[in-house]
Every structure is written in C-alpha cells, then in structure tokens.
Amino acid sequence: QIPALQVLVNLGYEYLTPEAALAARGGKLGNVILDEVLRESLKRINRIQHRGGEYRFSEENIQTAIQRLKNVKYDGLLKTNEAVYDLLTLGVALEQSIEGDLKSFTLNYVDWKNPANNVYHVTAEFPVERTRSHETARPDVVLFVNGVPFAVIECKSPKEEVAQAVSQTIRNQRDEYIPRLFTYAQLV
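Residues numbered from 1 in each chain as written. Predicted model: local features only at pLDDT ≥ 70, side-chain atom pairs only at ≥ 80, totals over all residues. Heavy atoms only, no water.

Caption draft 1: A look at the pattern of salt bridges. Across all of its chains, the model carries 8 salt bridges by this definition. The partner of Glu 59 in a salt bridge is Lys 43, with the nearest N and O atoms 3.1 Å apart. Within this pair, whereas Glu 59 is found in helix 4 (residues 59–70), its partner Lys 43 is found in helix 3 (residues 35–45), the two being separated by 16 residues in sequence. Note that Arg 47 and Glu 54 form a salt bridge whose closest N and O atoms lie 3.9 Å from each other. Judged by relative accessible area, which is 28%, Arg 47 ranks as partly exposed. Classification of Glu 54 as exposed rests on a relative accessible area of 52%. Salt bridges sharing common partners tie together Glu 40, Lys 43 and Glu 59. (Salt bridge = Lys/Arg side-chain N within 4 Å of Asp/Glu carboxyl O. Helix = DSSP H or I, 4+ residues; strand = E, 2+ residues; numbered from the N terminus. Buried < 20%, exposed > 50% of the residue type's maximum accessible area, 1.4 Å probe, protein only.)

This is the structure in structure tokens:
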C-alpha cells in the first residue's frame, strides 16, 4: 500500500487519512461518496453560459445532481454501474431560470475538458458497511475524483498470488459484500 500511495500522492492525489475520509462521508460507513468534496466540486467546475453571461447553478440544482448520483436505482452491479457511468461521463440536464428564461443546462460531475479543475483524493483501508450487515469490508486503496470513488486497488505482497487480490475484489463486488462502492468505480 505505501508504495502505491506514494506514487499516487506524487501524481497529485491528496492523501486522506481513514478518519478524514470517514468524516468526509458524514461519518456513515454505508456512504461511499465524499459529500462535501462533491458539492464544492460541482459548484466550482460548473457554469452556465447563456446569452453572453456566465451563471452558477442554483443550490437546489447542485443538491438535485448529488441526489441523482447517490440514488441511482440498484439494478444489479453491471446495469447500475452503466447508469452511473452515463451520469459521470455525460452529466445531468437540469432546468434553471436565467433572466426569466427556463431552460435545461448540463451539469457535469467531472471536468473532462480541463482535468486540472477536478480534485483528486486517495485513502487507504476504506471501510464500507456490507449490505444488510454492520460488518465492513476494507478495500486497500480507493481513489476519488471530485469526491466520487473512481478506482479501487487491492494490494498484495509480492509473495502472494495475484489471483488472491482478484478473488478478493470479485468477492467485494457481490451483493452480500460492498457492491455500492463498485457501482461508482470505473477502474478496479
């Protein structure tokens, strides 16, 4: 884990201690999104261009976008991950009134055109509450983009088989473990 974390920090990821990551999740082990990081990122990276002016999305629309991402209906891991992928890559259309005009504007979760505008975090030993249980599973390393868990890394000693890490990652995706984390993960 330590070499992986060092590489990621050197690439520009901000390290969050497990305690800081839990606090950023509102202290809820079942929540896998860093809520305030997401909220502040959405405010910062999104602007509405309308008739030569630049406007911010309303607080209501920011909250709606967060809820759309967090409340994607679970329809099995694959279909749910596809729905999340669409939101993350395409954004969400939201109606907003600008100077008396009510129109739909796209709010993006990630600034794909200017990657430096996004915020990147990494944490280790990320405890996630298992489905229908108070037990947790702890992926070794989780990477976040704008507060959304984009990648999950399972680290193993060089003395262990890679198959063990693969098996553990597959197990963690099962319905009785922590599929909620993997609905957002774009890289495993």
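Caption draft 2: Structural context of the pairing of strand 6 (residues 120–124). In terms of residue burial, strand 6 counts as a mostly covered element, since 4 of its 5 residues are buried. Here 5 bridges tie strand 6 to strand 9 (residues 141–145), and the two strands are oriented antiparallel to one another. Bridge pairing in strand 9 links Tyr 120 to Val 145. (Pairing = 2+ DSSP bridges.)

Caption draft 3: Representation of the layout of surface pockets. Considering only enclosed or pocket space, the largest pocket measures out at about 330 Å³ in volume. Around the largest pocket, the lining comprises 14 residues; the ones closest to its centre are Ile 45, Asn 46, Arg 47, Asn 108 and Lys 113. If you list the elements that add at least two residues to the lining of the largest pocket, you get strand 2 (48–50) and strand 5 (101–107). Tallied by class, residues from the lining of the largest pocket come to 5 nonpolar, 6 polar and 3 charged. (1 Å grid on protein atoms, 1.4 Å probe; cavity = no way out; pocket = protein on both sides within 12 Å on 5 of 7 lines; lining within 4 Å. Points joined across faces, edges and corners; volume = space filled by probe spheres on them. Nonpolar A, V, L, I, M, F, W, Y, C, P; charged D, E, K, R; others polar.)

Read these as geometric descriptors, not functional statements.
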